[in-house]
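So you can see what is in the structure, the chains are spelled out below.
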Amino acid sequence: MTRKPTLAVWKFSSCDGCQLSLLDCEDELLAVAGAVEIAYFLEASSAVARGPYDLSLVEGSITTPHDAERIHQVRRVSKTLVSIGACATTGGIQALRSAHRLGDLVSAVYARPEYISTLRTSTAIADHVPVDFELQGCPIAKAQLLEVVGALLAGRRANVPTYSVCVECKRAGVPCVLVSRGLPCLGPATQAGCGALCPSYGRGCFGCFGPKEQASDVEAPSLASAFGR
Amino acid sequence: MTRTKTIRTDYLARVEGEGGMTVRMRDGEVTDVKLRIYEPPRFFEGFLRGRDFREAPDITARICGICPVAYQMSSCLAMESLAGVEVDGQLRALRRLLYCGEWIESHTLHVFMLHAPDFLGAASAVELAQTNPELVETALRLKKIGNEVMRVVGGREVHPINVRVGGWYSTPSRAALDALVPDLEWALEASLEAVRVAAGLDFPELEQDYLFVALDADGEYPIDRGSALVTSAGTAFPVPAFLDHVVEEHVEHSNALHARLDGQTYLVGPLARYAIHRELLSPLARAAADEAGLEPVVRNPFRSIVVRTVELVHACEEALRLIRAYEQPAEPALEVVPRAGTGHGASEAPRGVLYHRYRLDDDGAILDAKIVPPTSQNQRMIEADVRAFVTAHATLPDDELRLRCEQAIRNYDPCISCATHFLRLEVDRG
């Protein structure tokens, strides 16, 4: 019998929500656990198997000098590395720090700033090490996660769409909230994956799944500024 | 001769976020206990400054993927209280229903998948699935039902998109909620069984004299809101006075800031809610607690797993009650006009009281934000429990002692992701 591929799940600066998405695959979790050896997944298990690992899922962004080192160790023990979620693929919400002076932020939260060891930036995993696949989303979509894991283990290309949320709205028959209601909507510049969630609840898209593949650098900002936000 | 020993776990497993633990002993006496937090700081309170007040629910949800609803509720309540708006009636009933979904999801995750393996000698729920497949299948279905409630009401289970200051973007139809009823009825039965299973576990011995703190929700078991905080010592104060009583301190032996209430170490979460509000539990939850032989005040922290299952029953029964009484409101939200001032909001996250305070300017821009999550409040108590446990069981072999200390930490379902805009990092500058 061939050895089961090993799966590792790593966390950097994040909310844990994308790792939780794996545990939220209630119908598929035991099947996944049967197909792979979950070798390192601290949120779920205290058993830790030594690397190297066939597939590493990495959640979170790089925000400390220590993590900037640690991600290289993770890369070294990972045959295939997939960054999951907005933090790991873009720096995430904590990248908003870049709009502020770091000293102001630290002293806004911590009484003794001299003990805080942090970087000025919050950066994506791919800014530090080569990444085999980036799965966008805040949080990631469970179906896409299962597709990526399945595809990589089967040695095929993951089928994750790179078109915009607009396509999902049209397919779902959701009336365009931007056109019909004049609501600010980032859908045209945002990658699909949520299933047109916000528009179907009568709300403009606010970009959880990040820029679509061919979004121009000006598309999202100009969309946003058109609405004065 | 002096004998010293250190029991250390570098990476705590089965908790949300990254932390470690060190216990130092000398001649059988505990000299130091540290719950070390090395989750990187994310500065939410810092970058909330300048953002529009309506963005707070979506931004703060990202503090925690396990309890985003708690953040959304506490932030909405703070903004609404400042604007003088009270979200009530069915709009509020939906909030409580969404929150019940989060309790079901979060408590199930913790009870079955993170905590039960400690009691049953497994490394994980996946390993448990080999020895106790029915238990794990029940857990997965229960968790899925909690998630389904969050999906129907909130749009999705992690970082729901339907919550807004003033109410909702859209409200579900009566039929959409009715469709949840069969699953929730199953969940209620499964939760009752979970109480029986949890009550039959073996609990390490430890009795602590806790100061319990929970929200007071005007005659309801506190979940989605509360007007005041009450303590087991009989004191009470309104939510806006939270920071007059809860003070964060730097303790020499630890790198973490610790909260104290009027100078005392205290506990928030299921044990506290249960001790203070047992009489307000739903009828089946109270009956299940009685049947499980749960005393009115549980002082053994290892038995918190039983209290969580009792709250699971409560959340299922409450969700069913809310759905049966539901009528779709005419409008999904109330108008909230911001004004300059300070707003306070608090709700009961699965792990305990979550307090938010925001100061706004006239245009509704956030001038500053303060968030006190439950894990920060419990941190001193966690360390005190570990210290007491090790003192009482110093003769246990090291490995066993280490496992039990980890279990004692997991009693609190600590959420380190939540706590890190608050907790101090250990920085080795050597």
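Given the structure is predicted, the values throughout are model-derived calculations rather than measurements. (Residues numbered from 1 in each chain as written. Chains lettered and ligands numbered in written order. Predicted model: local features only at pLDDT ≥ 70, side-chain atom pairs only at ≥ 80, totals over all residues. Heavy atoms only, no water.)

## Side note on the side chain of B:Ser106
All names here are of chain B. Looking at the element boundaries, Ser106 is found in helix α4 (residues 89-120). On the basis of relative accessible area, Ser106 is assigned to the buried category, the value being 0%. Ignoring any residue separated from it by four or fewer positions in sequence, one finds Ser106 in contact with Ile66, Pro350, Arg351 and Asp413. (Helix = DSSP H or I, 4+ residues; strand = E, 2+ residues; numbered from the N terminus. Buried < 20%, exposed > 50% of the residue type's maximum accessible area, 1.4 Å probe, protein only. Contact = heavy atoms within 4.5 Å.)

## Examining the interface of chain B and chain A
With 61 residues of chain B at the interface, the matching set in chain A holds 58 residues. Overall, the association of chain B and chain A removes approximately 5200 Å² of surface from exposure, summing both partners, and the carbon and sulfur fraction of that is 62%. In this structure, the connection of chain B to chain A is made through five salt bridges. Here chain B and chain A share 17 residue pairs in polar contact (both at pLDDT 80 or more) between them. Broken down by secondary-structure element, the contributors of at least two residues to the side of chain B that touches chain A are α1 (44-47), α2 (56-61), α4, α5 (125-131) and α6 (133-154) of chain B. At eight residues, α6(B) tops the list of elements feeding residues into the side of chain B that touches chain A. A per-class count over the side of chain B that touches chain A returns 30 nonpolar, 13 polar and 18 charged. (Buried area = accessible area lost by both parts, 1.4 Å probe. Salt bridge = Lys/Arg side-chain N within 4 Å of Asp/Glu carboxyl O. Polar contact = N/O pair within 3.5 Å; in protein donor to acceptor, adjacent residues only side chain to side chain. Nonpolar A, V, L, I, M, F, W, Y, C, P; charged D, E, K, R; others polar.)

## Notes on the nonpolar core
For soluble globular proteins, the rule of thumb is that nonpolar side chains tend to be buried together. Core analysis: the biggest nonpolar cluster contains 156 residues, and A:Leu57, B:Val23, B:Leu97, B:Phe112, B:Leu177, B:Leu184 and B:Tyr358 have the highest contact counts within it. The biggest single contributor to this core is α4(B), with 16 residues. (Core = buried A, V, L, I, M, F, W, Y, C linked by side-chain atoms within 4.5 Å.)

## Thoughts on the domain arrangement of chain A
Residues and elements named next belong to chain A. In terms of domains, chain A is made up of domain 1 (6-154) and domain 2 (165-226). Taken together, the contact between domain 1 and domain 2 spans eight residues of the former and seven residues of the latter. Note on domain 1 versus domain 2: buried area summed over both sides is about 490 Å², and carbon and sulfur give 47% of it. A per-residue breakdown of the area domain 1 buries against domain 2 is headed by Gln136, Cys138 and Gln144, which together make up 68% of the total. Joining domain 1 to domain 2, the criterion identifies zero salt bridges. Summed over the shared surface of domain 1 and domain 2, the result is three residue pairs in polar contact (both at pLDDT 80 or more). Considering only residue class, the side of domain 1 that touches domain 2 consists of five nonpolar, three polar and no charged. (Domains from an automatic or database assignment.)

## A few points about the environment of A:Cys194
You can see A:Cys194 is positioned in the loop between α8 (177-181) and α9 (197-200). Apart from the residues within four sequence positions on either side, A:Cys194 is in contact with A:Val165, A:Glu168 and A:Phe209.

## Overview of the side chain of B:Asn300
Residue and element names in this part refer to chain B. Along the chain, Asn300 falls in the loop between α11 (283-291) and α12 (304-324). What makes Asn300 buried here is its relative accessible area of 6%. A polar contact of 3.0 Å, which involves the side chain of Asn300, links it to the backbone oxygen of Pro204. Side-chain polar atoms of Asn300 contact the backbone nitrogen of Phe302, separated by 2.9 Å. Setting aside residues up to four positions removed in sequence, Asn300 forms contacts with Phe203, Pro204, Glu205, Leu206 and Glu207.

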